[in-house]
Structure formats: C-alpha cells, structure tokens
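Spelled out, the chains give:
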Amino acid sequence: MGLQGQETADWFARARTSLVAGVSSGFRYWGDDDTLVIDRGEGAYVYDMDGNRYVDYQMGFGPVILGHGDAAVASAVAEAAKAGTTFAMTQAREVEAAEKVRDAVGYVDALRFTNTGTEATMHAIRLARAYTGRELIVKYEGCYHGAHDYVLFSTASAPVDHLGARRSPVPWQQSSGIPGAIRGLVRTIPFNDADALERLFRSEGHAIAALIAEPMMGNCFGIMPLPGYLEDVRRLCDEHGVLLIFDEVKTGFRIAFGGAEEVFGVSADIGTFAKSMGNGFPVAAIGGKADVMAAWAEGGVMQAGTYSGNGVAAAAANATLDALASGEPHRHMDEIGGALMEGLARICDEFSVPAHVIGHPTMFSVFFGEEPPRDLRDTARHDSALYGRVAAEMIRRGVMPVDDALEPWFLCAAHSVEDVAMSLEAFADGLKAALG
Ligand SMILES: Cc1ncc(COP(=O)(O)O)c(C=O)c1O
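What comes next is a walk through the structure.

Conventions used here
- Residues numbered from 1 in each chain as written.
- Predicted model: local features only at pLDDT ≥ 70, side-chain atom pairs only at ≥ 80, totals over all residues.
- Heavy atoms only, no water.
- Helix = DSSP H or I, 4+ residues; strand = E, 2+ residues; numbered from the N terminus.
- Buried < 20%, exposed > 50% of the residue type's maximum accessible area, 1.4 Å probe, protein only.
- Lys, Arg positive; Asp, Glu negative; His and termini not counted.
- Salt bridge = Lys/Arg side-chain N within 4 Å of Asp/Glu carboxyl O.
- Polar contact = N/O pair within 3.5 Å; in protein donor to acceptor, adjacent residues only side chain to side chain.
- Contact = heavy atoms within 4.5 Å.
- Near = heavy atom within 4 Å.
- Areas by Shrake-Rupley, 256 points an atom, 1.4 Å probe, with all protein chains shown as cover.
- Nonpolar A, V, L, I, M, F, W, Y, C, P; charged D, E, K, R; others polar.
- 1 Å grid on protein atoms, 1.4 Å probe; cavity = no way out; pocket = protein on both sides within 12 Å on 5 of 7 lines; lining within 4 Å.
- Points joined across faces, edges and corners; volume = space filled by probe spheres on them.
- Expected span 1.5 Å × (residues − 1).
- Arc of directions from axis to C-beta.
- Axes fitted to C-alpha atoms, helices over the stretch in contact; angles between N-to-C directions.
- Parallel < 35°, antiparallel > 145°, perpendicular 65-115°, else oblique.
- Core = buried A, V, L, I, M, F, W, Y, C linked by side-chain atoms within 4.5 Å.
- Domains from an automatic or database assignment.

**A short note on the side chain of lysine 139**
Thought 1: Within the fold, lysine 139 resides in strand S5 (residues 136-140).
Thought 2: Glutamate 214 is the oppositely charged side chain nearest to the buried, salt-bridge-free lysine 139, at an N-O distance of 7.3 Å.
Thought 3: At 3.4 Å, the side chain of lysine 139 and the backbone oxygen of serine 154 are in polar contact.
Thought 4: The contact partners of lysine 139, leaving out residues within four places of it in the chain, are His145, Val151, Phe153, Ser154, Thr155, Val186, Arg187, Thr188, Ile189 and Ile212.

As structure tokens, then:
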C-alpha cells in the first residue's frame, strides 16, 4: 500500500532497531511499507508521525470507547498516578471499580481484576477446571481469547480447509511453541450450530469443564448469534454441568453497559472483561456467579498479579464506567453506528456488490459475499482481496478501519455525524477505485 510518509517511515526504521519487527504486538505489523507509527490520538482521530489525520475505527482494537485522550479519564488517571499506583494491599479506587463492574453486569456477583484479556481468560479457564474437576475446554472456531497456550486453536486466522469436517472438527493450532499435550485438552466447534454442541456434549460432556464463547464473534466479522442460539447453549451447558464462560473482552461495556446479557438476555457463569472497561488503559477482570467465584476464596486455586487492581487501572475504569453509566455514549454510538452500517450497505447496493454489513452498531464489519456468514467456515466465501483494496483506499483518504474484515470497525462516543459522512464518502470512493 505504501502508507508511510517520510517521518513515519523514519520512525518505523528506528522502531525496527529496538522493537522486534518494529512492534510490541504481532497484530500491529502491517508490512514493511505500511506499518504506521502514531504520534497521538484525539477523540475519534489518530495522527501519524507525518501529521496525517485518520478517522479511527480501530480504536486500539476496541478498547477506546469514549475517544482517545478522554479528558475525564486522563485526569482521573493523573490523580491516581500521583497517589502511588501499586501497593501490596487492596485500595479504595479498586473497590469502587469492582462495585461498578458488579452492578453493571447481571451475572457478576464478585470479581477479581487483572491487567489484560489474555490473563483474564487464562484465569477463568483455570477457575472453571478447578471448580468442575474436569480438564477439557470447548471453544468456537473463529473466536479469539488471547495469546496464551490454552486457546490458540481455530482462531479466525485458521484456514477454513484446515478445520476438519463440521461433524468432527479438528483444532487448528495457531502457533509453534504450544506443547502437544495442550492441544488434546481443547475441542473446537462451529458457532451458531446447536446440534454440533449437543453432539459434543453427549460424547464428552462429562469431561468438559467449560465452553468459552465470545457471545458475538468479535474477532470474526462481528457475526451475531442466531435467535435462540445462546439460549440453547445455556441449556446444554446446564444439562451437562459445563460452565459457560462469556469472553466479553470485546463485548463487555461496549455493545451495552451490561454487555452481552443485556443485549442477548442470556447469562454466563463466568465473564471476562477488559477493553472498554478502561478506555485504553490496561485493566481487565474475571467475574461471575458467587458459588463459582468462591473457589478462589476457599483456597487451593491460584490467582495472583502484582499490578492487578492497581490505582491507575482502577481510576481509568472508574472514570470510564461513570461516563458509560449515563447511557449517553451508548445512545450516540447506537445512532451513528447504525447510520454508518446502513450507509455502507446502501453503497454496496448502489455498486451492485453483494455484501452484508453485520454485527452491532458499536462493532460491525462488511462481508463481501452473497449469503451472510453464520460461522468461521462461511467466511471462506468473503472476497477478502476486494475488502483489502477498499480498506487501503479508505486509509489513503483518511479513514481507518482494519484492512482485514475479520476485525470489526469500532465506534466510540467521539465519532461525529460529520465523521460518518466522510467515512461513507471514503468507502464509496474506495469501493469505486477498488473495483477499477
Ligand atoms: C475476545 C477477546 N478475548 C481476549 C483477548 C485478549 O486480550 P488482550 O489483548 O488484552 O490480552 C482479546 C483481544 O483482542 C479478545 O478480543
């Protein structure tokens, strides 16, 4: 694509001399000529080292829900930093933040903080294994739950022809370095297929500790659960004594203040939360029903973290959750995200490009194909080359979704009606250019 101006290219060359491949997270590497180095963010915008401004729909891969540099979060964090952030004891800000999470999410009676989504899902899985005395974990093809060994199977990066048969899926391993024994403890299934889950539970339910699920596929186009599907999942988990973990690292506090339960009406036994809880500051949590969470208090189940619940993270969570609790950010995002979804669909129609804009107004994606996808396997029908060209054209025009439609566009409270209009123009022009 050649997205780097001179200053950005110079900074990236410098980054590569100290950071491996010039990045701190593998997902940030877009290729030698296209990996950007960012100077700052303001509201819905990011600025690269050349001063180019982009309307940002990546929002740091989802956490920045109020906008970059939100003033209330920044001042709460500054105050907390001055008060000393990490102690070997519980602190008041942490208690306040815990109360806010508990009060917002119906199925959370108690929680513990951690720092990242990866840590949260790792602890949730250990807790589920300890609580049930079982070892197997079930995850959906196309869902991502962080970078630890337990869950790096059949993520959305999996080539669909490596997933095995729908009736008997094969876990696809995303990385070298994962012990073979771990793979034997994971079962993978397609999303939105209650029969597949029932078959698996009938044969192995007695050995399954938990089903870990993104309640909508936040790492795979934002595919939504079909009506009644999550209810079936809940019922089957109850019938087989399997804990249901909602990984709400992306959906939590984003699709609604109360997350998936508020939108879909189904509750989990354990939930993991991160991203939108802290507007970009590293704060995460594992919460759930009282009897499950009590396993930590009863002893013998390890959970710990030097920085967990630190003052800066707790202050960020307090300020973010206070802002979200007013309801105004969600009203705004639902409205302009809805308008953006409608506008994108209309433009595809105008160009006679078969497409579906799928997901939730606060996180959605564009699928270029005839029938909307229900699961990862269906996404093989998406025209990813066309999408990549459209995204590149949009980025050149100052509007920045991720260049791969697997990753949703994320709205924040600072996106404006004007941003939406500019984004739709960039999409229309980008689609025209991409179609040649
Ligand atoms: C659903 C989900 N779970 C877990 C994670 C891992 O979170 P983190 O990157 O904070 O470790 C992610 C990251 O994108 C995610 O989308």
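Now that the structure has been shown, we can carry on.
**A look at the site of the ligand**
Thought 1: Around the ligand, the neighbouring residues are Thr116, Gly117, Thr118, Tyr144, His145, Gly146, Glu214, Asn219, Asp247, Val249, Lys250 and Lys275.
Thought 2: In the environment of the ligand, an oxygen atom lies 2.5 Å from a nitrogen or oxygen atom belonging to the side chain of threonine 118.
Thought 3: Taking asparagine 219, its side chain carries an N or O atom lying 3.0 Å from an oxygen atom of the ligand.
Thought 4: Burial of the ligand by the surrounding chains reaches 82%, relative to a free accessible area of 390 Å².
Thought 5: In terms of residue class, the shell around the ligand is built from two nonpolar, six polar and four charged.

**Some details on the layout of surface pockets**
Thought 1: Taken as a whole, the second largest pocket spans an internal volume of roughly 340 Å³.
Thought 2: Around the second largest pocket, the lining is made up of 20 residues, and of these Thr90, Glu94, Phe113, Ser308 and Gly309 lie nearest the centre.
Thought 3: Of all the secondary-structure elements, those providing two or more residues to the lining of the second largest pocket are helix H3 (92-104) and strand S4 (110-114).
Thought 4: Here the residues of the lining of the second largest pocket are counted per class, giving eight nonpolar, 10 polar and two charged.

**Digging into helix H7 (residues 229-240)**
Thought 1: Over its 12 residues, H7 extends 17 Å from the first C-alpha to the last, a length consistent with the 16 Å expected when each residue adds 1.5 Å.
Thought 2: What H7 keeps buried is the set Tyr229, Leu230, Val233, Arg234, Leu236 and Cys237. The buried residues of H7 occupy an angular sector of 170° when the element is viewed end-on, so they sit on one face.
Thought 3: Buried-residue contacts for H7 involve S5, helix H6 (194-204), strand S9 (208-213), strand S10 (243-248) and helix H8 (259-264).
Thought 4: Looking at the residues trailing H7, positive phi occurs at glycine 241, about 65°.

**Examining the packing of helix H4 (residues 117-132) against helix H9 (residues 290-298)**
Thought 1: Viewed as axis vectors pointing N to C, H4 and H9 meet at an angle of 95°, and their least axial separation amounts to 10 Å. With respect to each other, H4 and H9 are oriented roughly perpendicular. From H4, His123, Leu127 and Tyr131 reach across to H9, where they touch Asp291, Val292, Met293, Ala295 and Trp296.
Thought 2: Residue classes in the contact of H4 with H9 are distributed as six nonpolar, one polar and one charged.

**A closer look at the nonpolar core**
Thought 1: Among the nonpolar cores identified, the biggest contains 102 residues, and Tyr140, Met277, Phe368 and Phe427 are the most heavily contacted of them.
Thought 2: In terms of residue count, the dominant contributor to this core is helix H10 (residues 311-325) (eight residues).
Thought 3: Composition of this core by domain shows at least three residues from each of domain 1 (6-69 + 327-435) and domain 2 (71-325).
Thought 4: Sequence-distant contacts of phenylalanine 427, defined by excluding residues within four places in its chain, comprise Leu344, Ile347, Cys348, Val366, Phe368, Val390 and Met394.
Thought 5: Formed by 22 residues, the second largest nonpolar core is a distinct cluster that contains Ala128, Ala209, Leu243 and Ala295.

**Describing the pattern of salt bridges**
Thought 1: Within this structure, the stated rule accounts for 22 salt bridges.
Thought 2: Between aspartate 103 and arginine 102 there is a salt bridge, with its nearest N and O atoms 3.0 Å apart.
Thought 3: Under the relative-accessibility criterion, aspartate 103 is labelled exposed at 56%.
Thought 4: When salt bridges with common partners are traced through the structure, they connect Arg234, Asp238, Asp269 and Lys289 into a single cluster.

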